[in-house]
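What the coordinates show
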Amino acid sequence: MADLPAVFSIANIAFLTVFYYLARSVYRLFLHPLSKAPGPWYLAISTIPGTYYICISGRYNQLNRRLHEHYGPIVRVGPNKLSVRGEIGWQAIYGHKPREAEEWSKWPAFFVNIPPDITTAPTAEHRRLRREIIRAFSDKAIQEQQSIFHHYANLLIQRWRERDQTVIDLAKWFNFFTFDTFGDLAFGEPFGSLQGGESHPWVNLIFDSIKINKMSGFLEEFPLIKRLAILLTPPDLKRRATEHFELSEQKIRQRLTRDRGDRKDFVSYIWKSDGTGLTQQELERNASTLIVAGSETTATTLSALISYLLRNPDKYDRIAHEIRSTYKGGDEEVTLLDAANVPYVHACIEETLRLFPAVPIGAPRQVGASGGFIEQYRLPPKTLLEVPQWATHRASVNFRDPDDFIPERWLPASHAWYDEKYANDNRGVVQSFSYGPRACLGRTLAYHEMRFILSLILKNFDFEPTPEGANWVERCEHYFFWVKPPLPVKLRGLK
Ligand code: HEM
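Residues numbered from 1 in each chain as written. Predicted model: local features only at pLDDT ≥ 70, side-chain atom pairs only at ≥ 80, totals over all residues. Heavy atoms only, no water.

1. Here's the deal with the nonpolar core
General note: in soluble globular proteins, nonpolar side chains tend to be found buried as a group. If you look at the biggest cluster of nonpolar residues, it comprises 96 residues, and the most contacted ones within it are Trp160, Phe266, Ile457 and Phe463. If one sorts the elements of this core by residue count, helix H15 (residues 280–310) sits on top with 13 residues. With residues near it in sequence (within four places) discarded, phenylalanine 463 still touches Trp160, Leu170, Ile306, Leu310, Tyr316, Ile457, Leu458, Val489, Lys490 and Leu491. Counting residues in hydrophobic clusters, the runner-up holds 15 residues, among them Trp90, Trp104, Val367 and Val387. (Core = buried A, V, L, I, M, F, W, Y, C linked by side-chain atoms within 4.5 Å. Buried < 20%, exposed > 50% of the residue type's maximum accessible area, 1.4 Å probe, protein only. Helix = DSSP H or I, 4+ residues; strand = E, 2+ residues; numbered from the N terminus. Contact = heavy atoms within 4.5 Å.)

Spelled out as structure tokens, the structure:
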């Protein structure tokens, strides 16, 4: 065989490779349009370190906060990516754009491995899906769905009465409550977790695959290894994924053959049997999304809220006092739509969403073909932009005592417990449900649900901390969804 030309020698290939990466790093650091934006050099020269932090470390929220504290409200966190704190970024990045300007789309690579649904659909498709699905979230619809929340809340109280004076994993039980409730609302039947005291395989798969899904995002950087990883995915996980999707299909098919009469659920509002709305496949995918979007987020917020109350006994006493002095009669006094009666409960939810947002890192958007600007920085097409909730909510320029749990900052000035010290807090930067045309559809429902269940459980029980449950918030890791350890607390039933 003839010798290869000298240019193909191993030494030359190695030299050219090193030269290419050096030249690219120099370009990205000094000549790239984003080179004027502040940020650490190691995130500017390659996407690998940033992707590692987001997909593998579980602690990107904390790194991102430290970077913002050091560099300010705009930080370059990738060769073509800026992290922009909410006081600048919410409207500019996620807000409605004037008619002639193109919407900055969701970044497709962020949603690898997720079948298309309302959260991942491109702009035009998204508008159509949102128009159909939003009907399930009107005030009237929420009112008509109340009985489903009441049913599962009563079941939760009953189960906890049976476990009085014992230690339970609160994080697990909040998941049972929310997944059973939203399962019934979206699939027409619960997962049976409150009944049986055990999580359902459909739900288990979601939690078991949080890390793996995010890690596969890291492998997008290495297509060859990704192919290998797909081949090496445990057959058990593949089988469970197939069963998960088959069960979703089956549940929706069954729901569509059933008339729920007066007991309205999401499908009652979303499904049009004349074929002018969603297809059956779209309904099935979006029903699954509604279950996860509604359950995981509210269960996480409720767990974090109780965990903050347990380490702040003075706040615990206040919320318990408010609830027990407002609802002195039977449990039927507490209803889903009672919110205005318990402003301190609402303030505790707002403060938890600030300190422990369900989506603490940014959901990236991609600048359109004509580019754009943010502050003084020119953005080339396809620049990625994100607002990180964690760094925004905990910035000392936005909040006094940013790491402390102080619900009083959310009370109206007329309230007896209002604390003027926090009058200058920048409360508008807290957009835990996101902002603009793709903001959360379940925001109002989530507030109703959380105020309702908190009022009911604190009317019926006291919770005592356990040493194993200490520092729960600090032990959570984040992979777009929170990976939460158990939250063991002792139940003490009230008469
Ligand atoms: C504490 C409670 C909740 C929080 C913090 C929360 C937060 C969010 C956030 C940040 C987004 C935007 C995600 C993105 O840009 O990719 C979102 C979207 C969404 N959420 Fe929620 N959510 C909560 C509860 C709920 C509930 C109860 C439902 C209803 C079942 C729900 C349904 C949705 C839907 C359908 C979307 C997609 C909207 C669209 O793309 O047009 N969420 N949520």
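2. Structural notes on the site of the ligand
Near the ligand, the surroundings consist of 27 residues, among which Lys106, His126, Arg130, Thr297 and Cys440 are the closest. The side chain of histidine 126 places a nitrogen or oxygen atom 2.6 Å from an oxygen atom of the ligand. Between the ligand and the protein, one listed contact pairs an oxygen atom with a side-chain N or O atom of arginine 130 at 2.6 Å. Breaking the shell around the ligand down by element, the ones donating at least two residues are helix H6 (123–133), H15 and helix H19 (443–460). Examining the composition of the shell around the ligand, we find that 6 residues originate from one element, H15, more than from any other. Within the shell around the ligand, the residues separate by chemical class into 14 nonpolar, 9 polar and 4 charged. (Near = heavy atom within 4 Å. Polar contact = N/O pair within 3.5 Å; in protein donor to acceptor, adjacent residues only side chain to side chain. Nonpolar A, V, L, I, M, F, W, Y, C, P; charged D, E, K, R; others polar.)

3. Re the coordination of the iron atom of the ligand
Among protein residues, the single donor to the iron atom of the ligand is Cys440 (SG), with a metal-donor distance of 2.3 Å. Assignment of secondary structure puts cysteine 440 in the loop between helix H18 (389–393) and H19. (Donors = N, O, S within 2.8 Å, 3.2 Å for Na, K, Ca; no water.)

4. Some points on empty space enclosed by the protein
Applying the stated criterion across every chain yields a total of 2 cavities of 30 Å³ or more. Counted as a void, the largest cavity has a volume near 70 Å³. For the largest cavity, the full set of lining residues is Ile93, Tyr94, Gly95, Lys97, Glu103, Trp104, Ser105, Lys106, Arg365, Pro437 and Arg438. Mapped onto the lining of the largest cavity, the elements with two or more residues apiece are helix H5 (86–94) and strand E3 (105–106). (1 Å grid on protein atoms, 1.4 Å probe; cavity = no way out; pocket = protein on both sides within 12 Å on 5 of 7 lines; lining within 4 Å. Points joined across faces, edges and corners; volume = space filled by probe spheres on them.)

5. Let's talk about the domain arrangement of the protein chain
Interfaces are often described in size by the accessible area the parts lose on coming together. Segmentation of the protein chain into domains returns domain 1 (1–31) and domain 2 (32–493). Using C-alpha coordinates to define each centre, domain 1 is positioned 46 Å away from domain 2. Counting from both sides, the interface comprises 7 residues of domain 1 and, opposite them, 9 residues of domain 2. Taken together, both faces of the contact between domain 1 and domain 2 bury some 640 Å²; the carbon and sulfur share is 54%. Applying the counting rule to domain 1 against domain 2 returns 0 salt bridges. Counting every contact that joins domain 1 to domain 2 gives 4 residue pairs in polar contact (both at pLDDT 80 or more). (Domains from an automatic or database assignment. Buried area = accessible area lost by both parts, 1.4 Å probe. Salt bridge = Lys/Arg side-chain N within 4 Å of Asp/Glu carboxyl O.)

6. Let's talk about the pairing of strand E1 (residues 74–78)
Most of E1 is tucked away: 5 of the 5 residues are buried. Strand direction decides the pairing type here: E1 and strand E2 (residues 81–84), joined by 4 bridges, are antiparallel. Among the inter-strand pairings, arginine 76 is bridged to a residue of E2, identified as leucine 82. Once E1 ends, the chain turns through 2 residues before running back antiparallel as E2. (Pairing = 2+ DSSP bridges.)

7. Some details on the pattern of salt bridges
Evaluation of the coordinates by the stated rule reveals 29 salt bridges. Residues arginine 128 and glutamate 282 are paired through a salt bridge, measuring 2.5 Å at the closest nitrogen-oxygen approach. Here arginine 128, found in helix H6, pairs with glutamate 282, found in helix H15; they are 154 residues apart in sequence, far enough to count as distant. Classification of glutamate 282 as buried rests on a relative accessible area of 17%. Between glutamate 132 and arginine 135 there is a salt bridge whose closest N-O contact spans 3.2 Å. Judged by relative accessible area, which is 7%, glutamate 132 ranks as buried. A relative accessible area of 28% places arginine 135 in the partly exposed class. In this structure, a network of salt bridges that share partners links the residues Arg65, Glu69, Arg394 and Asp403.

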